[in-house]
Amino acid sequence: MKFFASSTEDYYDNGMRDYPVAVRAGYAMILGILYAFCKVMWRCDFDKIELIADRRDDTGTVIISNHTSMAEVVAIVTYLWRRGRLVRPIFKSEFNKTGIVRWFFARVGGIPVDRGTADMKSLRRASHALGRGEDILIFPEGTRIRTDDQPVEVHGGFAIIAQMGKAPVVPMAVCGFRDITPKGKHLMRPVKCWMRVGEALTTDDAPRELKRRERTQWIEDESLRRMYALRDKLRDEHPGRH
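Description of the structure in this document.

Thresholds applied
- Residues numbered from 1 in each chain as written.
- Predicted model: local features only at pLDDT ≥ 70, side-chain atom pairs only at ≥ 80, totals over all residues.
- Heavy atoms only, no water.
- 1 Å grid on protein atoms, 1.4 Å probe; cavity = no way out; pocket = protein on both sides within 12 Å on 5 of 7 lines; lining within 4 Å.
- Points joined across faces, edges and corners; volume = space filled by probe spheres on them.
- Helix = DSSP H or I, 4+ residues; strand = E, 2+ residues; numbered from the N terminus.
- Nonpolar A, V, L, I, M, F, W, Y, C, P; charged D, E, K, R; others polar.
- Core = buried A, V, L, I, M, F, W, Y, C linked by side-chain atoms within 4.5 Å.
- Buried < 20%, exposed > 50% of the residue type's maximum accessible area, 1.4 Å probe, protein only.
- Contact = heavy atoms within 4.5 Å.
- Salt bridge = Lys/Arg side-chain N within 4 Å of Asp/Glu carboxyl O.
- Phe/Tyr/Trp six-rings, centres within 6.5 Å; stacked < 30°, edge-to-face > 60°.
- Pairing = 2+ DSSP bridges.
- Axes fitted to C-alpha atoms, helices over the stretch in contact; angles between N-to-C directions.

## A look at the layout of surface pockets
So, point 1. Within this model, the largest pocket holds a volume of roughly 1100 Å³.
So, point 2. Forming the boundary of the largest pocket are 45 residues, of which Pro89, Ile90, Phe91, Lys92 and Phe139 lie nearest the centre.
So, point 3. Breaking the lining of the largest pocket down by element, the ones donating at least two residues are α2 (21-42), α4 (71-82), β3 (87-92), α5 (99-107), α6 (120-131), α7 (158-164) and α8 (212-237).
So, point 4. Looking at the lining of the largest pocket residue by residue, the classes come out as 25 nonpolar, 13 polar and seven charged.
So, point 5. In terms of lining, the second largest pocket is formed by Ala159, Ala162, Gln163, Lys166, Ala167, Val169, Leu201, Thr202, Thr203, Asp204, Thr216 and Ile219.
So, point 6. Counting residues per element, the ones that place at least two in the lining of the second largest pocket are α7 and α8.
So, point 7. With three residues, the top contributor of residues to the lining of the second largest pocket is α7.
So, point 8. The residue inventory of the lining of the second largest pocket, partitioned by class, reads six nonpolar, four polar and two charged.

Shown next as structure tokens:
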């Protein structure tokens, strides 16, 4: 890839280690600053990060998490980058309507997806990234859940990506990030935040009597169950935080 000749599509289709040197250098500088910001501003704890960071598989992982704030993307990506992992967030293609956002998201590894459709191009891009050892970050809730009474529409498909990329699904959860910008406020405030990783799941964990499609659905359902169990456990440990 060349700095001036590469298109946005090239960034989606190629590995992050193949990005132009200037882009990789800028990425490292930005993430280094954001990592320090997370440590100071949000005092993040990332419990059991080694379940992702210390993996020695040739493939990456499909990471799923609950979603309450855009700050979670920053924290997850930077903390794992600090441990040597390259994480590619899946984001709504609606964000690509703005040119500068499209330009930036492509260069930090984002992969757009058309929600509510069988977006095979995005599925292939994500599965190829897994094959290169890059991690895929997905928020199945699809949008930030700002209140507990907010309707939640969970989006599936992450198990299919994992299956295509021969990679595990790793559920995790976050807590405290919603309090960074309380309802009605626009400025961030320093708070304590927590993240926790659960055990990885593969199709081998599904009941053997299930057919292929049923096994894929079992992985999705069980991964989501574990994700919410991790979230609830964090909330129990830190009452009043969300």
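## With respect to the nonpolar core
So, point 1. If you look at the biggest cluster of nonpolar residues, it comprises 39 residues, and the most contacted ones within it are Trp42, Cys44, Phe177 and Met195.
So, point 2. If you list the elements that add at least two residues to this core, you get α1 (8-13), α2, α3 (50-53), α4, β3, β6 (169-175) and β7 (194-197).
So, point 3. Those residues in contact with methionine 195 that sit more than four places away from it in its chain are Cys44, Asp45, Phe46, Asp47, Ala75, Ile76, Tyr79, Met172, Ala173, Val174 and Phe177.
So, point 4. Core analysis: the next-biggest nonpolar cluster, separate from the first, contains 20 residues, Val62, Ala129, Leu130 and Ile136 among them.

## Examining the pattern of salt bridges
So, point 1. Overall, the coordinates contain 16 salt bridges when judged by the stated rule.
So, point 2. Close ionic contact of arginine 241 with aspartate 179 constitutes a salt bridge, the shortest N to O distance being 2.7 Å. Taken together, the residues arginine 241 in the segment after α8 and aspartate 179 in the loop between β6 and β7 connect sequence positions 62 residues apart.
So, point 3. Because the salt bridges share partners, they merge into one network encompassing Glu9, Asp13 and Arg125.

## Topic: the packing of aromatic side chains
So, point 1. With the rule as written, the count across this model stands at seven aromatic pairs.
So, point 2. Taking the centre distance of 6.1 Å and the plane angle of 45 degrees together, the rings of phenylalanine 46 and tyrosine 79 count as tilted. With phenylalanine 46 in strand β1 (residues 45-47) and tyrosine 79 in helix α4, this residue pair connects regions lying 33 residues apart in the sequence. Each member of the pair, phenylalanine 46 as well as tyrosine 79, is classed as buried.

## Concerning the sheet that holds strand β5 (residues 135-138)
So, point 1. Pairing within the open sheet is mixed, and its seven strands lie in the order β1-β7-β6-β2-β5-β3-β4. At either end of the open sheet lies a strand with only one pairing partner, and these are β1 and β4 (111-113). Within this sheet the neighbouring strands show an average axis-to-axis angle of 25 degrees, counted without direction.
So, point 2. In the sheet, β3 pairs with β4 via three bridges, with the strands oriented parallel. Across the sheet, the residue bridging to phenylalanine 91 is proline 112, located in β4.

## Remarks on unusual backbone geometry
So, point 1. Phi is positive for arginine 43, which is not a glycine, with a value near 45 degrees.
So, point 2. With respect to the secondary-structure elements, arginine 43 resides in the loop between α2 and β1.
So, point 3. Here the phi dihedral of lysine 166 falls at roughly 50 degrees; this positive angle occurs in a residue that is not glycine.
So, point 4. Here lysine 166 is to be found in the loop between α7 and β6.

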